Amino acid sequence: MQSYEEQKARIARLNLMDDQFFQKVAENLECCEEILRIILEMPNLHVISNQIERSIPNVTNKSVKLDLLCEDADGNIFNVEVQKANDTDHQKRVRYNMACVDTLSAEKGTDYADLPDVYVIFISAFDIFKQGKTIYHVERILNETGTVITNGTHEIYVNTAIDDGSDIAKLMQYFKNSTGIHPLFEKLSSQVYYYKESPEGVSHVGNVWEEYAQEVADKKASEKVAESHKEMAIALLKEKVFSNSKIAELTKLPLSEVEALQKAI
């Protein structure tokens, strides 16, 4: 267990681009509302619910865990994702998240016309389109006429890499360097200040951070064991002495995984 001084020093280095810190701050509904109002330029938007790390399970396909999922008073849905690393196809990630949110919000028998508008706001530490803009709005258009059409989906990409001097850019710079109270987003910055400067806030975030670090360590240890079992299974398959079911028993791997390994070697 770290001392208070150690916890405070570590938390001081965090900012809103760090997943765990962002999610902690986003537990405050008013902070979520302030972020959305600024990015969407909707000063009257009223958020009525917020969910952190909302899991959307899928039995047969890829499940997702959303950083932040909000709903406003009009039933619109907002998914906010924060990403520091440019390490995958993020546009397709946004596409998949949007599809999962649609599945979540559409009860059986729902008429298509009753589907809520869905906004996916992707906040990144890099300029995803390399066009030198702080914010990008992706629209659906008719190529033949240039007419903008809509089906209730909205893709918005915002980044901390480009500072164009706008209020949105000021918010992004605060995401990048989350210190002090900012007059443009008092609720958000006050919550950040609470977690970084007050003994109660520092202690709370410090405990959460230590739990997260332990989860990561446990996951890595589990992955290491699983990899060891996989290597053992491959070795046994190459010897062609035991049946697949026996190898599954010895290595504690699912039979389907042993069969897949057999096909791959």
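Quick notes on the rules
- Residues numbered from 1 in each chain as written.
- Predicted model: local features only at pLDDT ≥ 70, side-chain atom pairs only at ≥ 80, totals over all residues.
- Heavy atoms only, no water.
- Helix = DSSP H or I, 4+ residues; strand = E, 2+ residues; numbered from the N terminus.
- Areas by Shrake-Rupley, 256 points an atom, 1.4 Å probe, with all protein chains shown as cover.
- Pairing = 2+ DSSP bridges.
- Axes fitted to C-alpha atoms, helices over the stretch in contact; angles between N-to-C directions.
- Contact = heavy atoms within 4.5 Å.
- Patch = residues over 30% accessible without salt bridge, like charges linked within 9 Å, V, L, I, M, F, W, Y side chains within 5 Å.
- Salt bridge = Lys/Arg side-chain N within 4 Å of Asp/Glu carboxyl O.
- Parallel < 35°, antiparallel > 145°, perpendicular 65-115°, else oblique.
- Nonpolar A, V, L, I, M, F, W, Y, C, P; charged D, E, K, R; others polar.
- Left-handed = near helix turned anticlockwise from the far one by under 90°.
- Buried < 20%, exposed > 50% of the residue type's maximum accessible area, 1.4 Å probe, protein only.
- Phe/Tyr/Trp six-rings, centres within 6.5 Å; stacked < 30°, edge-to-face > 60°.
- Core = buried A, V, L, I, M, F, W, Y, C linked by side-chain atoms within 4.5 Å.

Colleague: Can you break down the overall build of the chain residue by residue, with the values?
Modeller: A tally of regular secondary structure across the chain gives 9 helices and 8 strands. Per element, the accessible surface of the chain, about 15,500 Å² overall, is 50% carbon and sulfur.

Colleague: Quick rundown of the sheet that holds strand β4 (residues 118-124)? Include the residues and the values.
Modeller: Pairing is mixed across the open sheet formed by 6 strands, whose spatial order is β1-β2-β3-β4-β8-β5. Two strands in the sheet have a free side with no partner beyond their single neighbour: β1 (47-56) and β5 (135-138). On average, each strand axis in the sheet is inclined to that of its neighbour by 20°, with strand direction left out of account. In this structure, β5 lies alongside strand β8 (residues 153-159), joined through 4 bridges in antiparallel fashion. Of the residues in β8, the one forming a bridge with tyrosine 136 is tyrosine 157. Relative to β4, helix α4 (residues 90-105) is tilted by about 145°, and along the sheet it contacts β1, β2 (64-72), β3 (77-83), β4 and β8.

Colleague: I'd love a proper account of a nonpolar patch on the surface, names of residues and values included.
Modeller: On the surface, Val241, Phe242 and Leu250 cluster together into a nonpolar patch covering about 270 Å² of accessible area. Relative to the helices and strands, valine 241 is located in the loop between α7 (199-239) and α8 (244-251).

Colleague: Any chance you could break down the packing of helix α5 (residues 167-176) against helix α6 (residues 186-197) for me, citing the residues and the numbers?
Modeller: Axis separation between α5 and α6 bottoms out at 12 Å; the angle between their running directions is 5°. Classified by the interaxial angle, the pair formed by α5 and α6 is roughly parallel. Of the residues in α6, those in contact with Leu171, Tyr174 and Phe175 of α5 are Leu188, Ser189 and Val192. Split by residue class, the contact of α5 with α6 holds 5 nonpolar, 1 polar and no charged.

Colleague: Go over the packing of helix α3 (residues 29-40) against α6 with me, naming the residues and quoting the values.
Modeller: Between α3 and α6, the least distance of the axes is 8 Å, while the angle of their chain directions is 135°. Comparing the axis directions of α3 and α6 gives the class oblique. Our pair here, α3 against α6, has a crossing hand that is left-handed. Two secondary-structure elements touch here, α3 through Glu30, Cys31, Glu34 and Ile35 and α6 through Glu186, Lys187, Leu188 and Gln191.

Colleague: Account for the pattern of salt bridges, naming residues and giving values.
Modeller: The full count for this structure, using the stated rule, is 5 salt bridges. Between lysine 24 and glutamate 27 there is a salt bridge, and its shortest N-O distance comes to 3.0 Å. What makes lysine 24 buried here is its relative accessible area of 9%. Notably, a salt bridge pairs arginine 37 with glutamate 33, separated by 3.4 Å at the nearest N-O pair.

Colleague: Report on the environment of histidine 182, specifying residues and quantitative values.
Modeller: Tracing the sequence through the fold places histidine 182 in the loop between α5 and α6. Residue classification places histidine 182 among the partly exposed positions, given a relative accessible area of 21%. With residues up to four places along the chain from it excluded, the contact list for histidine 182 reads Tyr174 and Ser189.

Colleague: Please provide a residue-by-residue account of the packing of aromatic side chains, values included.
Modeller: Inspection of every chain in the model, using the stated rule, returns 7 aromatic pairs. Ring geometry for phenylalanine 78 and tyrosine 119: centres 4.9 Å apart, planes at 20°, overall stacked. With phenylalanine 78 in strand β3 and tyrosine 119 in strand β4, this pair connects stretches of sequence that are 41 residues apart. Looking at tyrosine 119, the relative accessible area reads 10%, which means it is buried. Here the aromatic cluster, defined as three or more aromatic residues joined through ring pairs, consists of Phe122, Phe129, Tyr136 and Tyr157.

Colleague: Break down the nonpolar core for me, with residues and values.
Modeller: With 39 residues, the main nonpolar core has Ile39, Phe175 and Leu188 as its most contacted residues. Residue contributions to this core peak at 7 residues, all from α3. Non-local contacts of phenylalanine 175, meaning those with residues more than four positions away in its chain, are made with Asn15, Leu16, Met17, Phe22, Ile35, Val82, Ile123, Thr160 and Leu188. By size, the runner-up hydrophobic cluster in this structure holds 16 residues, among which are Val94, Cys100, Phe122 and Tyr157.

Colleague: Summarise the side chain of asparagine 244; cite the residues concerned and give the values.
Modeller: Looking at the element boundaries, asparagine 244 is found in helix α8. Those residues in contact with asparagine 244 that sit more than four places away from it in its chain are Leu237, Leu255, Val258, Glu259 and Gln262.

That is the geometry; function is a separate question.
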